[in-house]
Amino acid sequence: MKKILLDELITINDINSDGVGVGKRECGKTIFVKGAVVGDVVEVGIIKESKNYDVATVENIVTPSEWRVDCDCPAFNRCGGCVYRNISYEKELELKYNIVKNALKRIGKTNAQLEGITSDSEFDYRNKVQYPISTNKNEELVFGYYANHTHEVVPHTSCKLQSDDFSRAASAFIEKAKELGMTAYDEKTGKGLLRHLVMRRTHDGKMSFMVVVNAKKLENWNVLLDAVRNSGVDVVSFSVNSNMKNTNVIVGERAEVMWGECGIVEELCGKRFSISPMSFYQVNRKMTEKLYNKVKEYAKLEKGETLLDLYCGIGTIGLCVANNDNTLVGVEIIPDAVKNAEYNAALNGRNEENTVFVCGDASVGVNTVTKKFGKCDVIIVDPPRKGLSEEVINETLRAQPKRIVYVSCNPATLARDVEIYEKNGYICESASAFDLFPRTGHVETIVCLNKQ
Ligand code: SAH
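Residues numbered from 1 in each chain as written. Predicted model: local features only at pLDDT ≥ 70, side-chain atom pairs only at ≥ 80, totals over all residues. Heavy atoms only, no water.

Novice: Report on the site of the ligand, specifying residues and quantitative values.
Specialist: Around the ligand, the surrounding shell holds 16 residues, and the nearest of these are Tyr292, Tyr311, Glu332, Asp361 and Asp382. Within the backbone of Ile333, one N or O atom sits 3.3 Å away from a nitrogen atom of the ligand. Within the backbone of Ala362, one N or O atom sits 2.9 Å away from a nitrogen atom of the ligand. Protein contact buries 88% of the 570 Å² of open area that the ligand shows by itself. Split by residue class, the shell around the ligand holds nine nonpolar, four polar and three charged. (Near = heavy atom within 4 Å. Polar contact = N/O pair within 3.5 Å; in protein donor to acceptor, adjacent residues only side chain to side chain. Areas by Shrake-Rupley, 256 points an atom, 1.4 Å probe, with all protein chains shown as cover. Nonpolar A, V, L, I, M, F, W, Y, C, P; charged D, E, K, R; others polar.)

Novice: Can you tell me about the sheet that holds strand β23 (residues 444-451), naming the residues and giving the values?
Specialist: Ordered in space as β7-β22-β23-β21-β20-β17-β18-β19, the eight strands form an open sheet in which the pairing is mixed. Single-partner strands in this sheet number two, and they are β7 (114-118) and β19 (355-359). Strand after strand, the sheet turns through a mean of 15° between neighbouring axes, direction not considered. The sheet contact formed by strand β22 (residues 426-434) and β23 spans eight bridges and is antiparallel. Bridge pairing links Ala431 to Val447 in β23. (Pairing = 2+ DSSP bridges. Helix = DSSP H or I, 4+ residues; strand = E, 2+ residues; numbered from the N terminus. Axes fitted to C-alpha atoms, helices over the stretch in contact; angles between N-to-C directions.)

Novice: Please provide a residue-by-residue account of helix α2 (residues 165-179), values included.
Specialist: For α2, with 15 residues, the first-to-last C-alpha span of 21 Å sits near the 21 Å given by 1.5 Å per residue. Among the residues making up α2, those that are buried are Asp165, Phe166, Ser167, Ala169, Ala170, Ala172, Phe173, Ile174 and Ala177. Buried positions along α2 lie against β8 (128-135), β9 (141-146), β11 (194-201), β12 (206-213) and α3 (221-230). Remark: Gly181 follows α2 within two positions and exhibits a positive phi of approximately 70°. (Expected span 1.5 Å × (residues − 1). Buried < 20%, exposed > 50% of the residue type's maximum accessible area, 1.4 Å probe, protein only. Contact = heavy atoms within 4.5 Å.)

Novice: Residues and numbers for the pairing of strand β4 (residues 30-34), please.
Specialist: With four bridges connecting them, strand β3 (residues 21-24) and β4 associate as antiparallel partners. Paired with Gly23 across the strands is Ile31, a residue of β4. Counted along the chain from β3 to the antiparallel partner β4, the turn is five residues long, and its residue Gly28 has a positive phi close to 100°. Inspection of the sheet shows β4 paired to strand β6 (residues 53-63) by five bridges, in the parallel sense.

Novice: Explain the sheet that holds strand β14 (residues 255-260) to me, and be specific about the residues and the numbers.
Specialist: Spatial ordering of the open sheet is given by β10-β9-β8-β11-β12-β13-β14, a layout of seven strands whose pairing is mixed. Two strands lie at the open edges of the sheet, namely β10 (153-155) and β14, each paired on one side alone. Within this sheet the neighbouring strands show an average axis-to-axis angle of 35°, counted without direction. Strand direction decides the pairing type here: strand β13 (residues 234-242) and β14, joined by five bridges, are antiparallel. Looking at the pairing, Phe238 lines up with Trp259 of β14. With respect to the sheet, α2 is in contact with β8, β9, β11 and β12, its orientation differing from that of β11 by roughly 150°.

Novice: Help me get a handle on the packing of α2 against α3, residues and values and all.
Specialist: It is at 8 Å that the axes of α2 and α3 come closest, and there the two elements cross at 140°. Relative to α3, the element α2 is oriented oblique. Our pair here, α2 against α3, has a crossing hand that is right-handed. Listed contacts from α3 to Ala169, Ala172, Phe173, Lys176 and Ala177 of α2 are Val223, Leu224, Ala227 and Val228. For the contact of α2 with α3, the residue count by class is eight nonpolar, no polar and one charged. (Parallel < 35°, antiparallel > 145°, perpendicular 65-115°, else oblique. Left-handed = near helix turned anticlockwise from the far one by under 90°.)

Put into structure tokens, the structure is as follows:
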């Protein structure tokens, strides 16, 4: 539709998870205003009308919000990463706190009080980057980030959320790939070789570098590796992942380590963890330590008790929370992560007799722990964004643990599941938010569900 200039002022009183300002028209209809931030009073042009809401762009900022800050990133608004880059970090924390509080109250219908939102440095926190590779208008290879809700690659070489090592290593790789005449994968045609660069970096600079290709193997990988190593980045592991499916999933099932170690080893909560490129690992180390300390506080694990860690990844939560006299069972669906978890248990001196990691769906956890150890005192769950399946909820209820500590990266699904637990004999007594992903639209939450 043609843009319609609205002859009323809009006050922006919220921001949605895409960073779009939200206000109300005089007629009461909700209006989403791109480019506006909470606290702005703006003149707008409507670009889309529907029954329940309108979408508009800012024409003129009449009164700028007191929380506005100058955005220091040239890719902001095009790159799909940051959402809150043009408002102060303090205001972002307040908004995220309210998002979690409202979800727990409105969706979860719980009386639990949200303790607060814990934060740390807003920049230089990401330890993992996944750059898609594409071609620009001149048919040259580029790397960057996907634009919001699209698969268009916004070239981007410096991002304050992460170390410059990532773009340095990726640039060196891309320059060499250009020299070698390599092609970028094209989702539309299913042709082309290079899909993604997946890198992870320890806090002291050791990097694992994985190339995802639309082929069974990558020719000349050693030449590319040399180029990356010559960029001055401390690469300790180089692998190639084959993904020949036409899908949104970034990595294929198997990665082959071509050179160096099987991944990186990072320190967390005074313990050491081996992390393979295919495994999940929290992206923000300092904040993860704070998060896990809170999980430990909520879990209140006593001597001799049994802990079930569902969605355990490489075993980090369970291994940080359980003492050696606690039995620990972890369940995780990615085979490489389970191997890491087993190795990490040994690396941190756990006894084989009271430590088990299982590869499978989280719903098998309760059966495993009760069959093997006869009881299940505390359960920790840390599912992906979609939350817990009915089956997992039923299994955890069947086990009747003293408490369930629920770690979540999606307040809405967390709240949905909290309501089910509260209807089934558990009370959500404590809740706490953690900003693991400053400047982005994401926020982490932990709640403690105690058996009545
Ligand atoms: N607790 C870990 C990982 C949390 S992320 C940590 O703090 O690092 C969620 C994890 O759940 C991922 O490792 C993912 O591979 C795993 N996962 C996803 N679906 C699963 C399922 N159905 N059953 C078990 N694990 C699953």
